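Spelled out from the first residue to the last, the chains are:
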Amino acid sequence: MALYLPFLRRRIGFLGMMNSTLSNFKTSVLSEKNSITTLSDFCNSFSRRFYSNKADKQFDFIHNGGDSKELNFPGGIVKFTSELKFLADVPEERIHCYRVLDDSGQLISNNFVQVDKEIAVKMYKDMVMLQTMDTIFYEAQRQGRISFYLTANGEEAINIASAAALSMDDLVFPQYREAGVLLWRGFTLQEFANQCFGNKDDNGKGRQMPIHYGSNKHNYFTVASTVATQISHAVGAAYSLKMDGRDACTITYFGDGGTSTGDFHAALNFAAVMEVPVIFFCRNNGWAISTPVSDQFRSDGIVVRGKAYGIRSIRVDGNDALAVFSAVCMARTIAIRESKPVLIEALAYRAGHHSTSDDSSKYRPIEEIEWWREAQNPVTRFREWLRGEGLWTTQAETELRDSARKEVLHAIQVAEKVEKPTVKEIFTDVYDVLPSNLRDQEKSLRETIERHSQDYPIDVPL
Amino acid sequence: MAAMLQSLGVTSASVTSNKFTAFSINSLPVIRSESRTVSVAINGTRKAGKVTTKAVAAQAENPTSAASKPGHELLLFEALREGLEEEMDRDPRVCVFGEDVGHYGGSYKVTKGLADKYGDLRVLDTPIAENSFTGMAVGAAMTGLRPIVEGMNMGFLLLAFNQISDNCGMLHYTSGGQFTIPTVIRGPGGVGRQLGAEHSQRLESYFQSIPGIQMVACSTPYNAKGLMKAAIRSENPVVLFEHVLLYNLKERIPDEEYVLSLEEAEMVRPGEHVTILTYSRMRYHVMQAAKTLVNKGYDPEVIDIRSLKPFDLYTIGNSVKKTHRVLIVEECMRTGGIGASLTASINENFHDYLDAPIVCLSSQDVPTPYAGTLEEWTVVQPAQIVTAVEQLCKQ
């Protein structure tokens, strides 16, 4: 029985040619292995494969039995059936959604991870701060003070509650609608404003669009505009955590649209095969710019895809902070203890526009937006629960909203006045040190600026 | 098989060719390029007292006693493996990702034996999704590992273009220097022996614009090992281009550890009449043509540019200033290849020193055909090089 590895088949013809043409290529392609196995045994012995830096054992051949009710196919034993039946394409009922608080913030179950009082209050305060920040920065873009902004309206619970369930050692690979995670970790309002204004205090040195935050101090990897590329980064980083044996995991966020990409598929597949500690968090908010989920996929959301890859998955109510918190807590434990990936689908609604370049009333009814914003507001629901627990008052609310607004406005005012980065920063960090061609190009640029100083902006320092 | 540059001291050809004759040892004096201080400090590439810039290891003084020569003989793929192994020993963060690199040892045996030695966490077999395992390497590199991504054939890395250009090349810059991506992306490319159009890609054409990456091409066992080590030690993402037909070249390389510079070109044969710039497999076609040219009375200077991004304009410039005529021989296609960029670069910087327009010999803008004779004529042959030099020197 030939060594049957499906991914080798594509290469055999090509390698066969190499064999005959390279006269010194002594070793025959297939003679490397001295024991021949079926793929199932290959896989079985490899199920614990990626766990050490030691050399691997030899694998043995296991005979197929004579039983005709089942067969040891590649991949494992499969029972036979006489029914000519296809699996349903659409389930009768969608997978149930885990929820702890009802629409008005009352507890409907005790099946959740308890939250410390201080953490709960901090969660709420950060959710309000995120809302305030979003509102004011959005207005600032409309006033022309920054060029672009993207809000997390409707996803405050997803942002803050998931961040609260993680530790600071966990690595975050965001898409772009997760500023709240960074806020929770301690990124200051001033730092947010500096990045949006691209001034010299921005730790990204003014090189990216607004909302493309990044901070290695906070283990939050810089946002890249490419969709879903961060998912494979998260898997690679989880792999390095596994090699180090660290008590941490990675988490990566993406939207419903991002799950259509090739990167999503391959990253989930890899993570399952390599058994790495990564949490895949899908923010299914119903819309990918103007594409509703019904045009994005026909599966029952994202949670069912976990099963397709052999990954444990759960669907949670994304507007329920306690549910999100519990799910991420549990996911983190599973990921680290078992070194396996977990998929969480949080159902929510994108209550704002996709970004400042979008007007969503063009493709969806305003009543729908309004309904979600009022009836399912995650901040309101959590506040009601806090109030019920005696942890929050109306007075505290007013004070918080006032001070948050003042702080954000102040941060913007300061950031606006700070100088932009110097011309030198156009050329640094492309490589670790400046190579000769970039040095020449910088020199050439400076000469041009000097010669035509009236054509260049005066607020960019040289 | 490609014409082979025999290292001095090796008398027997390990790869026989029915098309091109092996070189006679004495016809090619080997030159040491001068050590010079480079203003950019590159970690690990300059060792006090070591002459790391030698073009070929052994010298021409006593070619007869092969057995007593220092150093050891090996094939190019073994040299790559040796470099890889030394770096994996030296730094436990170095790891390899690729298809069939683990127990199978790699399709060209570059990683053979490494999985047994280092375990399958450090030599990882990935499923077939180039964009994803390159993305994984980016993520792993940002968190402290030093991954080496092997493309089974460079052409497959076109699937990873998004990750290589938008993330690998850019994240160091867009994060304001907070995250570094010290990856090496390597694999065999170039036109082989009837591998078909999809397996005969020259990716250096497509990658050369990407800001943030460095590109180098190896051509001998000596520079393969040196460049592999330098690439692994570099903090920038480096793409190392190997050639499918050069893996079985044999050469004697030093026993001592050495690392080459990623930005330097290699002086293969100094001369006076014309500068021939080339890299990778075309180096051997050029040297084959050089033999003919010498017999005809010409004295070509042959430089293996090695560093494809950035170009070593210092070495190239000195040569142009000496000979005033330039011929570029490459395997890339005419449009948008390395030769096209190099022509522009030399014209821009050394126009005053040129006595004739630069001539660039490259492959035609066609997919590589399967039929052997057709394939041969899409690649620049020594006869064409000889004709081009003769015409260039007439002007």
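Residues numbered from 1 in each chain as written. Chains lettered and ligands numbered in written order. Predicted model: local features only at pLDDT ≥ 70, side-chain atom pairs only at ≥ 80, totals over all residues. Heavy atoms only, no water.

**Q** Could you clarify how one ought to interpret the overall build of chain B in this entry?
**A** Helix and strand counts for chain B come out as 12 helices and 14 strands. Put simply, of all contacts in chain B between residues at least 6 apart along the chain, 81% involve residues at least 24 apart. In the structure as shown, chain B presents an accessible area of about 13000 Å², 52% of it carried by carbon and sulfur atoms. (Helix = DSSP H or I, 4+ residues; strand = E, 2+ residues; numbered from the N terminus. Contact = heavy atoms within 4.5 Å. Areas by Shrake-Rupley, 256 points an atom, 1.4 Å probe, with all protein chains shown as cover.)

**Q** Before we go on, may I ask you to explain the nonpolar core in this structure?
**A** Here is a general trend for soluble globular proteins: nonpolar side chains tend to be buried in one another's company. Core analysis: the biggest nonpolar cluster contains 82 residues, and A:Tyr239, A:Phe280 and B:Phe207 have the highest contact counts within it. In terms of nonpolar packing, the next biggest core, distinct from the first, is built from 79 residues, A:Ala157, A:Ile160, A:Leu182 and A:Phe382 among them. (Core = buried A, V, L, I, M, F, W, Y, C linked by side-chain atoms within 4.5 Å. Buried < 20%, exposed > 50% of the residue type's maximum accessible area, 1.4 Å probe, protein only.)

**Q** So what exactly am I meant to see when it comes to the environment of A:Thr291 here?
**A** Residues and elements named next belong to chain A. Turning to its location among the elements, Thr 291 is positioned in strand β7 (residues 291-292). Thr 291 sits in the partly exposed class, given a relative accessible area of 27%. For the pair Thr 291 and Gly 257, spaced 34 residues apart in sequence, the C-alpha to C-alpha distance is 8.2 Å. Apart from the residues within four sequence positions on either side, Thr 291 is in contact with Gly 286 and Gln 296.

**Q** How do you make sense of the UniProt feature "domain: Dehydrogenase E1 component" (unreviewed entry) in chain A when you look at a structure like this?
**A** Cross-referencing UniProt, the feature "domain: Dehydrogenase E1 component" (unreviewed entry) maps to residues 125-423 of chain A in the present numbering. Within the segment residues 125-423 of chain A, helix and strand shares are 49% and 11% respectively, and the terminal C-alpha atoms sit 39 Å apart. (UniProt positions renumbered as here; feature names shortened; annotations may be inferred.)

**Q** Quick question: what am I supposed to make of the domain arrangement of chain A here?
**A** The extent of an interface is frequently quoted as the accessible surface area lost upon association of the parts. Here the domain parsing of chain A yields domain 1 (117-417) and domain 2 (426-455). The gap between the C-alpha centroids of domain 1 of chain A and domain 2 of chain A is 37 Å. (Domains from an automatic or database assignment.)

**Q** Whenever I open this one, the confidence of the model for chain B confuses me. Can you help?
**A** Residues and elements named next belong to chain B. With 83% of its residues at a pLDDT of 70 or more, chain B shows a mean pLDDT of 84. Here residues 1-66 scores under 50 on pLDDT; set against residues more than four positions off or in separate chains, the count is 121 contacts. Across the interface, the model reports ipTM at 0.74; the global pTM reads 0.79. (pLDDT = per-residue confidence, 0-100.)

**Q** Looking at this structure, I do not really get the state of the cysteines. What am I missing?
**A** Covalently bonding the sulfur atom of one cysteine to the sulfur atom of another cysteine gives a disulfide. Residues and elements named next belong to chain A. Within the structure shown, the criterion is met by zero disulfides over all chains. Note on Cys 97: no disulfide assigned, nearest cysteine sulfur contributed by Cys 282 at a separation of 12 Å. Looking at the unpaired Cys 329, the closest cysteine sulfur is the one in Cys 249, lying at 11 Å. (Disulfide = S-S within 2.5 Å.)

**Q** Can you help me understand the side chain of B:His172 in this one?
**A** Structurally, the position occupied by B:His172 is in helix α5 (residues 171-174). In terms of polar contacts, B:His172 uses its side chain to reach the backbone carbonyl oxygen of A:Asp429, at 2.7 Å. Among all residues touching B:His172, those that are not within four sequence positions of it are A:Asp429, A:Val430, A:Tyr431, A:Asp432, B:Gly177, B:Phe179, B:Thr180 and B:Ile181. (Polar contact = N/O pair within 3.5 Å; in protein donor to acceptor, adjacent residues only side chain to side chain.)

**Q** Can you walk me through the environment of B:Val379 in this structure?
**A** Residue and element names in this part refer to chain B. Within the secondary structure, Val 379 is located in the loop between α11 (372-378) and α12 (382-394). With a relative accessible area of 3%, Val 379 lands in the buried category. In this structure the C-alpha to C-alpha distance between Val 379 and Gly 190, which are 189 residues apart in sequence, comes to 10.0 Å. Once you skip the residues sitting within four places of it in the chain, Val 379 turns out to touch Val 191, Arg 281, Met 282, His 285, Glu 331, Ser 363 and Gln 384.

**Q** Would you mind showing me how to read the sheet that holds strand β6 (residues 214-217) of chain B here?
**A** Pairing between the strands of a sheet comes from backbone hydrogen bonds, and it takes one of two forms, parallel or antiparallel. All names here are of chain B. Within the open sheet, the seven strands sit side by side as β3-β2-β4-β5-β7-β6-β12. Their pairing is mixed. This sheet does not close on itself; its edge strands, each paired only once, are β3 (123-125) and β12 (307-309). Ignoring which end each strand starts from, the neighbouring axes of this sheet average 20 degrees apart. As defined by bridge partners, strand β4 (residues 146-150) adjoins strand β5 (residues 184-189) across three bridges and the pair is classed as parallel. When the sheet's bridge partners are listed, Ile 148 is paired in β5 with Val 184. (Pairing = 2+ DSSP bridges. Axes fitted to C-alpha atoms, helices over the stretch in contact; angles between N-to-C directions.)

**Q** I tried to follow the packing of helix α3 (residues 117-142) of chain A against helix α14 (residues 394-417) of chain A on my own but got confused; where do I start?
**A** Two measures define how a pair of helices packs: the angle their axes make with one another and the distance between the axes. Residue and element names in this part refer to chain A. One way to put it is that α3 packs onto α14 with a least axis distance of 9 Å and a crossing angle of 45 degrees. As summarised for this structure, α3 and α14 are arranged oblique, according to the angle between their axes. Judged by the twist between their axes, the crossing of α3 over α14 is right-handed. Here Tyr 124, Lys 125, Val 128, Met 129, Gln 131, Thr 132, Met 133, Ile 136, Phe 137 and Ala 140 of α3 lie close against α14, whose contacting residues are Glu 397, Leu 400, Arg 401, Ala 404, Arg 405, Glu 407, Val 408, Leu 409 and Ile 412. Taken together, the residues of the contact of α3 with α14 sort by class into 12 nonpolar, two polar and five charged. (Parallel < 35°, antiparallel > 145°, perpendicular 65-115°, else oblique. Left-handed = near helix turned anticlockwise from the far one by under 90°. Nonpolar A, V, L, I, M, F, W, Y, C, P; charged D, E, K, R; others polar.)

**Q** Please explain the packing of aromatic side chains as it appears in this structure.
**A** For any pair of aromatic rings, the description rests on two quantities: the centre-to-centre distance and the angle between the ring planes. Applying the stated rule across the entire model yields 18 aromatic pairs over all chains. With a centroid separation of 5.0 Å and an interplanar angle of 65 degrees, the aromatic rings of A:Tyr124 and A:Trp392 are classed as edge-to-face. With A:Tyr124 in helix α3 and A:Trp392 in the loop between α13 (378-388) and α14, the pair connects residues that are 268 residues apart, well separated along the chain. In terms of burial, A:Tyr124 and A:Trp392 fall into one category: buried. Both rings, one in A:Phe187 and one in A:Tyr213, keep their centres 6.2 Å apart while their planes meet at 65 degrees; by these two values the pair is edge-to-face. You can see A:Phe187 sitting in the loop between α5 (179-185) and α6 (189-197) and its partner A:Tyr213 sitting in the loop between α6 and α7 (229-244), a full 26 residues away along the chain. Classification of A:Tyr213 by relative accessible area gives buried; the value is 1%. Connected via pairs of aromatic rings, a cluster forms that spans A:Phe173, A:Phe221 and B:Phe179. One Lys or Arg, A:Arg207, reaches over the ring of B:Tyr173 and ends 4.3 Å from the middle of that ring. Sitting over the ring of B:Tyr104, B:Lys109 keeps its end group 4.6 Å from the ring centre. (Phe/Tyr/Trp six-rings, centres within 6.5 Å; stacked < 30°, edge-to-face > 60°. Lys NZ or Arg CZ within 6 Å of the ring centre and 35° of its normal.)

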